[in-house]
Amino acid sequence: IFAISVVTFNNTIDTAQNGCLAECAAIKESFENDIGTLNGTNEGVYWLQIRYCNFYEEKGIFLRFERNENEIYSSIPEGMNIPKSNIMSIEKMNGNNYILISEETISGGYIMTYAKDISYLYDEFRALAFSFLGASFVPSVVLALLLYFVLRKLYSPLEKLRNVTGRISEGD
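Since this is a predicted model, take the numbers as computed values, not measurements. (Residues numbered from 1 in each chain as written. Predicted model: local features only at pLDDT ≥ 70, side-chain atom pairs only at ≥ 80, totals over all residues. Heavy atoms only, no water.)

(A) Region of interest: the pattern of salt bridges. Applying the stated rule across the entire model yields 3 salt bridges. Close ionic contact of Arg162 with Glu159 constitutes a salt bridge, the shortest N to O distance being 2.6 Å. Note that Arg162 and Glu159 are positioned in helix H3 (residues 119–169) at a spacing of 3 residues, about one turn of the helix. (Salt bridge = Lys/Arg side-chain N within 4 Å of Asp/Glu carboxyl O. Helix = DSSP H or I, 4+ residues; strand = E, 2+ residues; numbered from the N terminus.)

(B) Structural context of the sheet that holds strand E3 (residues 88–93). Strands sit in the order E2-E1-E5-E4-E3 across an open sheet of 5 strands; the sheet is antiparallel. Both outer strands of the open sheet, strand E2 (70–74) and E3, are each paired with one neighbouring strand and no more. Neighbour-to-neighbour, the strand axes of the sheet open up by a mean angle of 25 degrees, direction not taken into account. Where strand E1 (residues 61–67) and E2 come together, 4 bridges link them in antiparallel fashion. (Pairing = 2+ DSSP bridges. Axes fitted to C-alpha atoms, helices over the stretch in contact; angles between N-to-C directions.)

(C) Fine view of the environment of Glu71. Positionally, Glu71 belongs in strand E2. Put simply, Glu71 and Ile111 are 40 residues apart on the chain and 9.2 Å apart in space, counted from C-alpha to C-alpha. Leaving out residues up to four positions away in the same chain, Glu71 has contacts with Arg64, Phe65 and Glu66. (Contact = heavy atoms within 4.5 Å.)

(D) Main features of the side chain of Ser102. Looking at the element boundaries, Ser102 is found in strand E4 (residues 96–104). What makes Ser102 buried here is its relative accessible area of 14%. Among the polar contacts made by the side chain of Ser102, one reaches the side chain of Thr113 at a distance of 3.4 Å. (Buried < 20%, exposed > 50% of the residue type's maximum accessible area, 1.4 Å probe, protein only. Polar contact = N/O pair within 3.5 Å; in protein donor to acceptor, adjacent residues only side chain to side chain.)

That's the geometry; what it means functionally is another story.
Written out as structure tokens, the structure reads:
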């Protein structure tokens, strides 16, 4: 049962990664289209990044924009140390698990880093694992007791035979 829950958890993580990749690609495409309409004005791009960060932060997604290895704007909370060279990974930061994706945008050489908290998946897995553990413990105890009494019943004739042969060997 535990193996089934581990397989289910791995499938859930894969699904979350695929969903985040699609979401990140959509954000990237939208950002590239919006940069294109600004004709590369630096101040407009900066304000666009702020709006993107604020909008997606409300949805639980943190973004960081950088160019030439300099951070331009980030909605990533202070204290979260996100490596800058990730393509895609799952990292544990500040006690939470995040899917991290770094994407280089086409327009202007910007790099967008996407971070989404997936700790709820780990919490669900722990809850599922404990429920499976509890659900398997009770039947195991019942089966152990049942086997004890059945085997005791099956063993009693052999015990009687052993006692009789012992008395015979003693000359009784």
